[in-house]
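For reference, the chains in residue letters:
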Amino acid sequence: MTSVVVARSTLHHLNRCWFPALITSAKQSIRPCVLPQYARSSCSVRVRSFAAHRAMGKPKVVFVLGPPGSGKGTQCEKIVQEFGYTHLSAGDLLREERNREGSEYGALIEDNIKNGRIVPVEITCALLENAMNKTIQATGNDRFLIDGFPRNEDNLQGWTNKMADKVEQQFVLFFECSEQQCTERCLKRGESSGRSDDNAESLKKRFNTYINDTVAIIKHYEELQLVKKIDASAGPDAVFEHVKAIFGEQK
Ligand SMILES: Nc1ncnc2c1ncn2[C@@H]1O[C@H](COP(=O)(O)OP(=O)(O)O)[C@@H](O)[C@H]1O
Ligand SMILES: O=c1ccn([C@@H]2O[C@H](COP(=O)(O)OP(=O)(O)O)[C@@H](O)[C@H]2O)c(=O)[nH]1
């Protein structure tokens, strides 16, 4: 019974904040269209909300930003190993949702990804929030690396309105790397990644989006003195030495 009540409040939250269309029946079942794989479940599964978790302190969040191919994902994996954070890649969550059979957002997500545009924040933020809730409930781990988000003003506004009060923003890790070097890395990755956007045409668009939209977000966080900038042009292990120093300073 308790679990249903909690799930209903989660639904109410989603309903109120994000997706009125998610509520499909009087029985209040969740249509799984915005839930990542591990968050998809019937309403009988109890997902501890941030409110319930607050007694234990707010979840800690580090945003990880930088141009496509700057090594965000690579460094996040190392941080997970060394410092025990949970890595949530916004791009991975979106690709997972795009690939989910029956997703009503699949085509929209793919169109945005292929053209290097940013998916509406309602989708990305709901995926992130659900993944965070589910991780906390399943593992108790409440420290998150949010990789590749927020990338534009819409992302920033959406996160600020719905999530900023629920988390402790630790800092923003910014991997700086030249377009040429990043492009080479992504093209190499494209030989095996199967990603529809690791090609020269999509990469141009992704860089335009990065320069036109994401740089302003990094500047915004710089003004708040939250940015820890790292030169990402060296090899992965050398870059990680700098990353380690930053995380080592944290409590
Ligand atoms: N410091 C680095 N030097 C060279 N290649 C790297 C480095 N970091 C990552 N790579 C490679 O570059 C590609 C992009 O890295 P990735 O971590 O996926 O970047 P992002 O998440 O920023 O797109 C991958 O193929 C990865 O193996
Ligand atoms: O918060 C996000 C993160 C990613 N994307 C989309 O997913 C693509 C790939 O992002 P990812 O972070 O996986 O890769 P990167 O561009 O950093 O290599 C981006 O170009 C966007 O189209 C998005 O719309 N919102």
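Residues numbered from 1 in each chain as written. Chains lettered and ligands numbered in written order. Predicted model: local features only at pLDDT ≥ 70, side-chain atom pairs only at ≥ 80, totals over all residues.

J.: Pulling in residues and values, what's your account of the site of ligand 2?
T.: Neighbouring ligand 2 are 20 residues, the closest being Pro68, Ala90, Gly91, Val119 and Gly148. Of all elements in the fold, only helix H4 (90–99) and helix H5 (106–114) reach the threshold of two or more residues within the shell around ligand 2. (Near = placed C-beta within 6 Å. Helix = DSSP H or I, 4+ residues; strand = E, 2+ residues; numbered from the N terminus.)

J.: Any details on the confidence of the model for the chain? Residues and values, ideally.
T.: Mean pLDDT over the chain: 84, with 77% of residues reaching 70 or higher. In the model output, the complex is listed with pTM 0.84 alongside ipTM 0.99. (pLDDT = per-residue confidence, 0-100.)

J.: Help me get a handle on the nonpolar core, residues and values and all.
T.: Ranked by internal contacts, the top residues of the largest apolar core, which has 45 residues, are Phe63, Val64, Leu88, Leu128, Leu145 and Ile146. The greatest single-element share of this core, amounting to nine residues, is contributed by helix H6 (residues 121–139). With near-sequence residues (within four places) excluded, Leu145 lies in contact with Val62, Val64, Cys76, Ile79, Tyr85, His87 and Leu88. (Core = buried A, V, L, I, M, F, W, Y, C linked by C-beta atoms within 7 Å. Buried ≥ 20, exposed ≤ 12 C-beta atoms within 10 Å, placed from the backbone. Contact = placed C-beta atoms within 7 Å.)

J.: Explain the packing of helix H3 (residues 72–83) against helix H10 (residues 236–248) residue by residue, including any values.
T.: Remark: H3 packs on H10, axes separated minimally by 10 Å, with the N-to-C direction vectors making an angle of 50 degrees. Judged by the inter-axis angle, H3 sits oblique to H10. Judged by the twist between their axes, the crossing of H3 over H10 is right-handed. Counted together, Thr74, Gln75, Lys78, Ile79, Glu82 and Phe83 of H3 and Pro236, Val239, Phe240, Val243, Lys244 and Phe247 of H10 form the full contact between these two elements. Of the residues in the contact of H3 with H10, the class split is seven nonpolar, two polar and three charged. (Axes fitted to C-alpha atoms, helices over the stretch in contact; angles between N-to-C directions. Parallel < 35°, antiparallel > 145°, perpendicular 65-115°, else oblique. Left-handed = near helix turned anticlockwise from the far one by under 90°. Nonpolar A, V, L, I, M, F, W, Y, C, P; charged D, E, K, R; others polar.)

J.: Provide a residue-level description of the UniProt feature "binding site: CMP" (unreviewed entry) in the chain, including the pertinent values.
T.: Mapped onto this structure's residue numbering, the UniProt feature "binding site: CMP" (unreviewed entry) falls at Asn155. Along the polypeptide, Asn155 turns up in helix H7 (residues 153–162). What makes Asn155 buried here is the crowd of 22 C-beta atoms within 10 Å. Leaving out residues up to four positions away in the same chain, Asn155 has contacts with Ile118, Val121, Thr124, Phe149 and Pro150. (UniProt positions renumbered as here; feature names shortened; annotations may be inferred.)

J.: A description of the UniProt feature "binding site: a ribonucleoside 5'-phosphate" (unreviewed entry) in the chain should follow, citing residues and the corresponding values.
T.: In the numbering adopted here, UniProt assigns the feature "binding site: a ribonucleoside 5'-phosphate" (unreviewed entry) to Arg95, Arg117, Ile118, Val119, Gly148, Phe149, Pro150, Arg151, Arg195 and Arg206. You can see Pro150 is positioned in the loop between strand E3 (143–147) and H7. Overall, the presence of 15 C-beta atoms within 10 Å leaves Arg195 in the partly exposed class.

J.: Describe H10, listing the residues and the values that go with them.
T.: Between its first and last C-alpha atoms H10 spans 18 Å; for 13 residues at 1.5 Å apiece the expected length is 18 Å, and the two agree. Taken together, the buried positions of H10 are occupied by Val239, Phe240 and Val243. Elements in contact with the buried residues of H10: H3 and strand E5 (227–231). (Expected span 1.5 Å × (residues − 1).)

J.: A description of unusual backbone geometry should follow, citing residues and the corresponding values.
T.: If a residue is not glycine, its phi is most likely negative; likewise, a peptide bond is most likely trans. Put simply, Phe149 and Pro150 share a cis peptide bond, and its omega is 0 degrees. The backbone of Gln225 shows a phi angle near 55 degrees, a positive value even though the residue is not glycine. Within the secondary structure layout, Gln225 lies in the loop between helix H9 (200–223) and E5.

J.: Describe the site of ligand 1, with residues and values.
T.: Surveying the vicinity of ligand 1 reveals 15 residues, the closest of which are Gly71, Lys72, Gly73, Thr74 and Arg185. When grouped by side-chain class, the residues that make up the shell around ligand 1 number four nonpolar, seven polar and four charged.

J.: Please provide a residue-by-residue account of the packing of H6 against H7, values included.
T.: For the pair H6 and H7, interaxial distance at closest approach is 9 Å and the crossing angle is 50 degrees. With respect to each other, H6 and H7 are oriented oblique. Once H6 is placed against H7, the crossing between them reads as right-handed. Counted together, Val121, Glu122, Thr124 and Cys125 of H6 and Asp154, Asn155, Gly158, Trp159 and Lys162 of H7 form the full contact between these two elements. For the contact of H6 with H7, the residue count by class is three nonpolar, three polar and three charged.

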